[in-house]
Amino acid sequence: MGLLEGKNAIVFGLANDKSIAWGITQALHREGANIGISYAGDMLEKRVKPLAAQVGADFVEQCNVDSDEQIAAVAEKAKAHFGEIDILVHSIGFANKDELQGYFYNTSRAGFHLAMDISVYSFVGLARAFEPILRRGASLLTLTYYGSVKVAPNYNMMGVAKAALEASTRYLAADFGPRGVRVNAISAGPIRTLAAMGVSGFRDMYKNYADMAPMRENVTIEDCGNAAVFLSSDWAAHTTGEVFYVDSGYNIMGVMDPRKE
Ligand code: NAD
Ligand code: 0WE
């Protein structure tokens, strides 16, 4: 008997089999959840459809989260298909490439707005659109990164957006708490996904990360999946508004420890 047997889950942000959303989808499926999938646009359809089939998902819907209409439409379709939702995963982030290199002070007004809209507001918008169909005990999850708390070179505008996303997680948790709905964020260490590979200097920071982390290992999409299972399960019944680190302990370190064993 799985931990999530009979729960209805909808996952936003699946691009390919490297996506954190895929690690989470597989883990939710393994624990017995019914899966719905939403992806950004036409270009991803041929990648996403076969993955959806692997987890028996017959709810596979396109939704560009820059559009209130598309968010409302996917919530309507989810209501018709599932009735009620127990788990909603937001695994979406985007900034223009210009905003992820050089000086943070060069961030443009348009670039600031875009990153905040896609990476932060979309979580709030999805929470509102799905609110009428969230079952008591439901769990909302988003994905964040430590660049929200401390400066990570080049992460720049995304660090500011993730800080706002983590604050939004707390405000949503306060709003939804009385309805028995929990809202949490998973803060993952660097993972080689589509979003990460487009980043200059990622290889070096990926290796440095493992050297700095207490466990001396990078994290995987499977680790994120297992954390998502816990946070979405009744074992986390009174955990809300939290930033839950899946980072081999990286965030606890102040100074690098050169010991190997
Ligand atoms: P990914 O590229 O696989 O996923 C990002 C997703 O965002 C894609 O599916 C993309 O289609 C979607 N997206 C972008 N703009 C969208 C829009 N307008 N409408 C709908 N969807 C849109 O990369 P990932 O690393 O799995 O990223 C998932 C989440 O994890 C992001 O929030 C990212 O910031 C976060 N995160 C990533 C890492 C890492 O190192 N990879 C670490 C911590 C947190
Ligand atoms: O949140 C992320 C990825 C964010 C991201 C990445 C891209 C690359 C391609 C958002 N938007 C875009 N837009 C693009 O055009 N991560 C946590 C991974 C990541 O991204 C970095 C990192 C890390 C880690 C960017 C700079 C420095 C470190």
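Thresholds applied
Residues numbered from 1 in each chain as written. Chains lettered and ligands numbered in written order. Predicted model: local features only at pLDDT ≥ 70, side-chain atom pairs only at ≥ 80, totals over all residues. Heavy atoms only, no water. Near = heavy atom within 4 Å. Polar contact = N/O pair within 3.5 Å; in protein donor to acceptor, adjacent residues only side chain to side chain. Areas by Shrake-Rupley, 256 points an atom, 1.4 Å probe, with all protein chains shown as cover. Nonpolar A, V, L, I, M, F, W, Y, C, P; charged D, E, K, R; others polar. Axes fitted to C-alpha atoms, helices over the stretch in contact; angles between N-to-C directions. Helix = DSSP H or I, 4+ residues; strand = E, 2+ residues; numbered from the N terminus. Parallel < 35°, antiparallel > 145°, perpendicular 65-115°, else oblique. Left-handed = near helix turned anticlockwise from the far one by under 90°. Contact = heavy atoms within 4.5 Å.

A.B. asks: Explain the site of ligand 2 to me, please; I cannot follow it from the model alone.
C.D. replies: The environment of ligand 2 is made up of 13 residues, and the closest members are Ala95, Lys97, Tyr155, Ala195 and Val199. A distance of 2.8 Å separates a nitrogen atom of ligand 2 from a polar atom in the backbone of Ala95. The side chain of Tyr155 places a nitrogen or oxygen atom 2.8 Å from an oxygen atom of ligand 2. Summarising the interface, the protein chains cover 86% of the accessible area of ligand 2, which totals 590 Å² for the free molecule. Taken together, the residues of the shell around ligand 2 sort by class into eleven nonpolar, one polar and one charged.

A.B. asks: Looking at this structure, I do not really get the packing of helix H1 (residues 20–30) against helix H8 (residues 221–232). What am I missing?
C.D. replies: When two helices pack together, their arrangement is given by the angle between their axes and by how far apart the axes lie. Remark: H1 packs on H8, axes separated minimally by 7 Å, with the N-to-C direction vectors making an angle of 50°. Taken as axis vectors, H1 and H8 run oblique relative to one another. Crossing hand, H1 versus H8: right-handed. Contacts between H1 and H8 involve Ile20, Trp22, Gly23, Ile24, Ala27, Leu28 and Arg30 from the former and Ile221, Cys224, Gly225, Asn226, Ala228, Val229 and Ser232 from the latter. A class-by-class count of the residues in the contact of H1 with H8 yields nine nonpolar, four polar and one charged.

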